[in-house]
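# Residue-level structure breakdown
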Amino acid sequence: MTTIIAERLSIGAAPGYDRRSIRPLEASMANRSFLPESVDDYLRTVFARESPVLQRLRAETARLPQGGMQIGADQGVLLSFLARLVGARRAIEVGTFTGYSALCVASALPADGRLVCCDVNEAWTAIARRYWAEAGLADRIDLRLGPARETLAGLLHDGGAGTFDFAFIDADKTGYDAYYEACLELLRAGGMIAIDNVLWSGAVADPSNTTADTKALRALNIKIRDDRRVDACLVSIGDGVMLARKL
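What you see is a predicted model; the values in this text were computed from it and never measured. Residue indices begin from 1 for each chain and proceed along its sequence in written order. Local features are withheld for residues below a pLDDT of 70 in this predicted model, meaning they are given only at 70 or higher, and side-chain atom pairs are given and counted only at 80 or more; totals for whole chains, interfaces and linings count all residues. Excluded from the side-chain calculations are hydrogens and water; all other atoms, namely the structure's heavy atoms, are used.

## Remarks on the packing of helix H2 (residues 52-62) against helix H5 (residues 122-134)
Under this scheme, a helix contributes an axis fitted over its contacting stretch, all axes are lines through C-alpha atoms, and angles between N-to-C directions fall in the 0 to 180 degree range. Think of it this way: any DSSP run of H or I at least four residues long counts as a helix, any run of E at least two long counts as a strand, and we number them from the N terminus. At a closest axis distance of 10 Å, the pairing of H2 and H5 adopts a crossing angle of 165 degrees. As judged from the angle between their axes, H2 and H5 are roughly antiparallel. In this structure, H2 crosses over H5, and the sense of that crossing is right-handed. Packed against H2, whose contacting residues are Val53, Arg56, Leu57 and Glu60, the element H5 presents Ile127, Arg130, Tyr131 and Glu134 at the interface. Polar here means any residue other than Ala, Val, Leu, Ile, Met, Phe, Trp, Tyr, Cys and Pro, which are nonpolar, and Asp, Glu, Lys and Arg, which are charged; Gly is therefore polar. Residues of the contact of H2 with H5, tallied by class, amount to four nonpolar, no polar and four charged. What sets the label is the angle itself: under 35 degrees gives roughly parallel, over 145 gives roughly antiparallel, 65 to 115 gives roughly perpendicular, and the rest give oblique. Crossing handedness is defined as follows: a turn of the near helix away from the far one that is anticlockwise and smaller than a right angle gives a left-handed crossing, while the clockwise case is right-handed. The contact criterion used throughout is that any non-hydrogen atoms of two residues lie within 4.5 Å.

Next up, the structure:
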């Protein structure tokens, strides 16, 4: 079975920066999975059926030193499916990188839908903007550059509580709990939160791993499991995705 190298390097030391973790590229263009490579490739090439725009975005992102942060094609399909499943019109993304996941979610929204994207990196999101425009979906995406906690607090301050349908969280792991709480407040009953990297290359199952990121993810998994405000399911797609439906 193909395993993912667990070594990670922190990026962005400035206060409030939504850090991600750098992962080495895998053979299948930065796809992250616990699956054997042949099965992973099958999902990407046969089932996911990426659009030409998504394929080009994946290829350009894979050339970046941080390209391993990009979600897999099969996870992109899942995000689109979930957004359609809940009938999403208003969505939130915490951590946008080069825009692949945002493109998947925005494509599932109606013409008058809106996805609010939270990120801090102008260079990476400049790549995202190019592909959003090429896909004809730029008018559905509201990119807000700045610390995600501030952006989410602003949405709540402006009366956004209970008005969003879907949220995807894929940013700094120690900030996940705060993002989860804010997104849960912003979601309507029946809305869905998807949280990436909750298996952390299997590190959450290793009691000897006590890094800050691992501890934060391990604690959040248990919190959501026991959270009576949601109905939750952890699926082992990619690096693990937590799904939480607001009750």
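## A closer look at the nonpolar core
Joining through side-chain atoms within 4.5 Å is the link that ties buried Ala, Val, Leu, Ile, Met, Phe, Trp, Tyr and Cys residues into a set, and such a set is a nonpolar core. Accessible area is worked out with a 1.4 Å probe on protein chains only. A residue is then buried under 20% of its type maximum, exposed over 50%, and partly exposed in between. If you look at the biggest cluster of nonpolar residues, it comprises 37 residues, and the most contacted ones within it are Leu115, Trp132, Phe166 and Ala194. Per-element accounting of this core gives the leading share, six residues, to helix H4 (residues 100-107). Ignoring sequence-local partners within four residues, the contact set of phenylalanine 166 consists of Leu79, Leu82, Ala83, Val86, Ala88, Arg90, Ala91, Ile92, Val105, Leu187, Met192 and Ala194. Listed in part, the 32 residues of the second largest apolar core include Ile169, Leu184, Leu199 and Ala244.

## As for the pattern of salt bridges
Here, a salt bridge means any side-chain nitrogen of Lys or Arg that lies within 4 Å of a carboxyl oxygen of Asp or Glu. On inspection of all chains with the given rule, the structure shows 13 salt bridges. A salt bridge links arginine 130 to glutamate 60; its shortest N-O distance comes to 2.4 Å. Highlighted residues: arginine 130 in helix H5 and glutamate 60 in helix H2, separated in sequence by 70 residues. Salt-bridge contacts for arginine 229 lead to aspartate 227; the nearest nitrogen and oxygen are separated by 2.8 Å. Because the salt bridges share partners, they merge into one network encompassing Asp177, Glu181, Lys223, Asp227 and Arg229.

## A look at the sheet that holds strand S6 (residues 230-235)
Strand order in the open sheet formed by seven strands is S3-S2-S1-S4-S5-S7-S6, with mixed pairing between adjacent strands. Looking at strand neighbours, the two that pair on one side only are strand S3 (141-145) and S6, the edges of this open sheet. Within this sheet the neighbouring strands show an average axis-to-axis angle of 15 degrees, counted without direction. As defined by bridge partners, strand S5 (residues 187-196) adjoins strand S7 (residues 241-246) across five bridges and the pair is classed as antiparallel. Residue pairing across strands places isoleucine 195 opposite methionine 242, the latter belonging to S7. Lying on the sheet, H4 is in contact with strand S1 (90-94), strand S2 (114-119), S3 and strand S4 (164-169); it crosses S2 at an angle near 165 degrees. For two strands to pair, DSSP has to find at least two bridges joining them.

## With respect to the confidence of the model for the protein
Of the residues in the protein, 87% reach a pLDDT of 70 or more, and the chain-wide mean stands at 88. For the protein, helix H1 (residues 37-47) is the element with the lowest average pLDDT, namely 86, and S4 is the one with the highest, namely 99. Values of pLDDT, the confidence the predictor places in each residue, fall between 0 and 100. In this model residues 1-31 is a low-confidence stretch, pLDDT under 50, and it forms 95 contacts with partners more than four residues away in sequence or in other chains.

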